[in-house]
Amino acid sequence: MSLLVVGSVAFDAVETPFGKRERMLGGSATHFGLSASFFTDVRVVGVVGGDFGEEEMSVFGERGIDTDDLERVEGGKTFFWSGRYDFDLNTAHTLDTQLNVFADFKPKLSDESRRARMVFLGNIQPDLQREVREQVRGAELVALDTMNYWITSVPDAVREAISAVDVVIINDAEARQLTGEPNLIKAARKILSWGPRALVVKRGEYGAAMFTAESYFAIPAYPLEAVFDPTGAGDTFAGGFMGYLASRDPIDDDTLRRAIIFGSVMASFNVEEFGTERVRRLTHEEINRRFRDFKRMTHFEEIPFERAASGKSGV
Ligand code: AMP
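About the criteria used
Residues numbered from 1 in each chain as written. Predicted model: local features only at pLDDT ≥ 70, side-chain atom pairs only at ≥ 80, totals over all residues. Heavy atoms only, no water. Near = heavy atom within 4 Å. Polar contact = N/O pair within 3.5 Å; in protein donor to acceptor, adjacent residues only side chain to side chain. Areas by Shrake-Rupley, 256 points an atom, 1.4 Å probe, with all protein chains shown as cover. Helix = DSSP H or I, 4+ residues; strand = E, 2+ residues; numbered from the N terminus. Nonpolar A, V, L, I, M, F, W, Y, C, P; charged D, E, K, R; others polar. Pairing = 2+ DSSP bridges. Axes fitted to C-alpha atoms, helices over the stretch in contact; angles between N-to-C directions. Buried < 20%, exposed > 50% of the residue type's maximum accessible area, 1.4 Å probe, protein only. Lys, Arg positive; Asp, Glu negative; His and termini not counted. Salt bridge = Lys/Arg side-chain N within 4 Å of Asp/Glu carboxyl O. Contact = heavy atoms within 4.5 Å. Arc of directions from axis to C-beta.

1. A closer look at the site of the ligand
Argument step 1. Around the ligand, the surrounding shell holds 18 residues, and the nearest of these are Asp12, Gly27, Asn123, Gly232 and Asp235.
Argument step 2. Within the contact set of the ligand, a nitrogen atom lies 2.8 Å away from a side-chain nitrogen or oxygen of Ser8.
Argument step 3. Protein burial of the ligand: of its 510 Å² of free accessible surface, 89% is covered by the chains.
Argument step 4. Counting only elements with at least two residues in the shell around the ligand, the list comes to strand E2 (10-16), strand E6 (79-84), helix H5 (148-153) and helix H9 (233-246).
Argument step 5. Here the element with the most residues in the shell around the ligand is H9; it accounts for three residues.
Argument step 6. Of the residues contributing to the shell around the ligand, the split by class is eight nonpolar, eight polar and two charged.

Right, dumping it as structure tokens:
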């Protein structure tokens, strides 16, 4: 098994300026898993309640996602998140977070899950992320995501979890909040100094950037005229990024750069409709077409500039 994800599996209530959904399938592990499943085999570790039905489970099944380690608490309720986006779709305003079955969740990994080549510690309580990290000692690459909810409530636990992984994937506001540093470049240096080899910063409609000790890479977001619901864009990005990495060997800087593009491609589809609706019916052809669009969008030729002779020195 090549890619393992631990994270929330949820019911979301979401309102954007373009519509709303009272109760739809969501969660960090859900969005991540669906996205990554276009690139590699995925296993989900998480917990749901008795209210999580056949219909929701079939979304994982249709994409061939392994749910053997998705625990079910019959008497419990599935994690619930409710959020609202204003006209600035870059910021999610959390209205309600009900941990429910996640409050007592102790992730137990099967032997097969422990052998995963790569692991994504999706957005959940950071101590749980560390517990899973400790159970996958042999993984080649472990990445982590988090959010303002945890940075505000348990900042030290978030920092500890970060120091135990190879790659951190967060958004720009979270990088600033986490480090108390308004300058993003300085914030990135600080996060890298805690241990990870790479930091990927998601910047919503402005794209994404990757920082390592010796390199910097940034791309714009795919230019979309219709954005309906950004919920899950971050996890869908991470799913494309990690899914692509898990399908490659070895992982060098070029591979990481292509992974950023695939992450952005997947996120661009996610925001076109509510929740998981668009990604569920995506095709490989659509993914590859947008990947090529990104290449065209960001390509330019290197021609050294020389000022045309005008008789003056130009200085
Ligand atoms: P994002 O990709 O950042 O938009 O994450 C969206 C998903 O995160 C939603 O589907 C929510 O169910 C989930 N979520 C929201 N808050 C939390 C939280 N505190 N812990 C875990 N998952 C969360």
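2. Some details on the sheet that holds E6
Argument step 1. With mixed pairing, four strands are arranged side by side in an open sheet as E3-E2-E6-E7. Of all the strands in the sheet, the pair left with one neighbour each is strand E3 (19-26) and strand E7 (93-98). The average angle at which neighbouring strand axes cross in this sheet is 15 degrees, direction not considered.
Argument step 2. Pairing geometry for E2 and E6, over six bridges, is parallel. Directly across from Ala10, in E6, lies its bridge partner Phe79.

3. As for the side chain of Asp229
Argument step 1. For Asp229, the location among the structural elements is in the loop between strand E13 (216-219) and H9.
Argument step 2. It is Arg21 that comes nearest to the buried, bridge-free Asp229 among opposite-charge side chains, at 7.5 Å.
Argument step 3. Of the polar contacts made by the side chain of Asp229, one reaches the side chain of Thr231; its length is 2.6 Å.
Argument step 4. In contact with Asp229, other than residues within four places in its own chain, are Val14, Thr16, Met24, Tyr85, Asn270, Val271, Glu273, Phe274 and Gly275.

4. Here's the deal with helix H7 (residues 172-179)
Argument step 1. Within H7, the full set of buried residues consists of Asp172, Glu174, Ala175, Leu178 and Thr179. The arc that holds the buried residues of H7, viewed along the axis, is 160 degrees, so those residues lie on one side.
Argument step 2. For H7, the secondary structure elements touched by its buried residues are H5, helix H6 (155-163), strand E10 (167-171), helix H8 (184-193) and strand E11 (198-202).
Argument step 3. Positive backbone phi, approximately 65 degrees, marks Gly180, located one or two places after H7.

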